[in-house]
Every structure is written in structure tokens, then in C-alpha cells.
Amino acid sequence: MQLMIWVDAEGISGVTSWEQVLAGRSRYDEGRRLITQEVNAAVRGAKSAGADKIVVVDCHGAGGEHSFRNLIPELLEPGAEYVFGVPWTTYTLPLEQGCDGAIFLGFHAKSGTPNGVLSHTVSESWLNFYINGEPLGEIAICAGVCGHFGVPVLLVTGDAATCEEAKMTLGEEVKTVCVKEGIGRFSARCLAPQEAWSVIERAVAEVVRQPPKVSPFSPSEPTTIRVEFTTPEHVRNYLHEGVCQVDERTVEVTAENFYAAWRILWRR
Ligand SMILES: [Zn+2]
């Protein structure tokens, strides 16, 4: 099995604050260690179950030089390859070359989710995001990119709200691991990280040995995506060719499929 692991930061066990996941903040080094160790657990699980190729992509925009470079290289588990420094959702080569499944590690719930730890969609400037009128979050965006290449999401880890959103978005069959239960947006009841790592290692091994019957995520076509920003000044950053402005703080793209629409909106 060829596996791709997409790693975000907000849903990593032990993480409850922006201080842990934004570059230059007081606890960023702690956050990086927690992310790295959790990735290592996932890689150990995949290796032990016999995955042939494991490509891990650092997907968290921590800011500046640390965006998509959060994992601490010298601590990483051997036996996988690690992708650093590529803008979010744009590294698709393993998907194109034939990948059997994706794992979303440390993901978070969409903006506005009650008890979603550090919940947001893409940026604090995005109030709501919709695919074909349905309010969705980053799980859907990332799954839509994978799905375009026929790759299903096998496992999603994060807080309880993330696991719930994963099942609502991708179907009940997707496996989830809950590492914390949000108590609001900046507090949570957490597993000890070391315990979370064991649970994740086992869950990854399980989905590699026996992949759940999840279909690749594929919104109906043609596909319309819409972003409502919190305030109007954000609109101008997205007015590329093919993007329509709906009102003073909303933009929309319609294209032949989700991936085409996403690439028009998300020019990176
Ligand atoms: Zn993130």
C-alpha cells in the first residue's frame, strides 16, 4: 500500500492554543515536538502494517519561514519521506502517481464549530466556506483534492468535533481517532500525548492492513465553491480570473469539478 499522510497542527494531541502552533510564539517549540512525535507514531503504525511507501506532507501554515516546515527533521521516524515547504493542498504528485489512501493527522473542525479546538477554515479571515451550498471545512477541501485523483481518506485524527465533521463529510465508514474533547475553542480534555500516539499507531496499522470501504470524496459536478469573509477587505486577494464577487464580502467560483474550482480560487 502507498500512503499519503497530511499533517496539520491544531488537532494534534496536547495542542489547545495558538501559542503552540504559530511560529515565533512562546510555546511553538513545544507544539513542533508534539506534531513531530504524533507523525512518528503514524509512520510507525504504517510501517508495522507493511505500507510500501509513505509520504508525509507538512500542511500547517505556522507563519513566515515555518509555514509547511513544522516537523523537526532530525527527530523524524525513518522509513517515510517528508515533504516540506510546499503550499497547502498543492503537492499532488503522490496522488497522481497512484496512492491507495490518505490519512489526515491533527486536523481541526471548520470555522464556527462549537467546542472545536482552534476551529477555523483556512484563515481567521474566512467566516464560512461552502461546496455546492453546503457549509464545509478543511477536511472537505483536502479530501476533495485527494478525491480528484481517486484517493480515499481512510483515517482522520483530531478533537471530537473534527471526528464528527469527518464522518458527516466523508461518511460513517471513515475511521477516526479522537485525541481530545474541546471545552470551547481554546481548552480541551486531552489524552496524554503518549497515549494518543499509541492509539494513532494502532489505528494507522489497522487501516493499512484493512482499509475501510470509503469512497473518494467527490462533490457533484459542475461544482460551486463560495467563501464568505469576515470583512470586505479580504475579497480583493481572491479576485483572480474565474472568481466572481457575490457581495461585498463573498466570492464564488464554478468549474467543471471541485479541484478545478479550488485551483482557480487558491492560486499558489
Ligand atoms: Zn493548521
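Every value quoted in this text rests on a predicted model; they were computed, and no experiment measured them. (Residues numbered from 1 in each chain as written. Predicted model: local features only at pLDDT ≥ 70, side-chain atom pairs only at ≥ 80, totals over all residues.)

> Whenever I open this one, the pairing of strand β5 (residues 126–131) confuses me. Can you help?
As a general feature of sheets, a regular strand has side chains that alternate between the two faces. In this sheet, strand β10 (residues 223–229) lies alongside β5 in antiparallel orientation, the contact comprising five bridges. Each bridged residue has a counterpart across the sheet, and for Ile-131 the counterpart in β10 is Ile-225. Bridge count between β5 and strand β6 (residues 134–135): two bridges; the pairing is antiparallel. Within β6, the position partnered with Tyr-130 by the bridge is Pro-135. (Pairing = 2+ DSSP bridges. Helix = DSSP H or I, 4+ residues; strand = E, 2+ residues; numbered from the N terminus.)

> What exactly am I supposed to notice about the environment of Val-227 here?
Structurally, Val-227 can be placed in strand β10. Given 25 C-beta atoms within a 10 Å radius, Val-227 is considered buried. Put simply, Val-227 and Ile-131 are 96 residues apart on the chain and 9.2 Å apart in space, counted from C-alpha to C-alpha. Apart from residues lying up to four places away in sequence, Val-227 is in contact with Trp-126, Phe-129, Tyr-238, Thr-250 and Val-251. (Buried ≥ 20, exposed ≤ 12 C-beta atoms within 10 Å, placed from the backbone. Contact = placed C-beta atoms within 7 Å.)

> Help me understand the sheet that holds strand β12 (residues 250–255) in this model?
One key point about sheets: their strands pair by backbone hydrogen bonds, in either a parallel or an antiparallel sense. Pairing within the open sheet is antiparallel, and its five strands lie in the order β6-β5-β10-β12-β11. Two strands lie at the open edges of the sheet, namely β6 and β11 (244–247), each paired on one side alone. Across the sheet, helix α6 (residues 258–265) is in contact with β5, β10 and β12; its angle to β12 comes to roughly 140 degrees. (Axes fitted to C-alpha atoms, helices over the stretch in contact; angles between N-to-C directions.)

> Could you clarify how one ought to interpret the domain arrangement of the protein in this entry?
For the protein, the assigned domains read domain 1 (2–126 + 137–209) and domain 2 (223–265). The straight-line distance from the C-alpha centre of domain 1 to that of domain 2 is 26 Å. Residue-level contacts link six residues of domain 1 with eight residues of domain 2. A per-element tally of the side of domain 1 that touches domain 2 places helix α3 (residues 138–148) first, with four residues. (Domains from an automatic or database assignment.)

> Just to check I follow, could you spell out the nonpolar core for this structure?
Counting residues in hydrophobic clusters, the biggest one holds 72 residues, and the most contacted among them are Ile-5, Trp-6, Ala-42, Ala-102, Ile-103, Phe-104 and Val-153. Once residues lying within four places of it in the same chain are set aside, the contact partners of Trp-6 are Val-57, Cys-59, Ala-102, Phe-104, Leu-105 and Cys-142. (Core = buried A, V, L, I, M, F, W, Y, C linked by C-beta atoms within 7 Å.)

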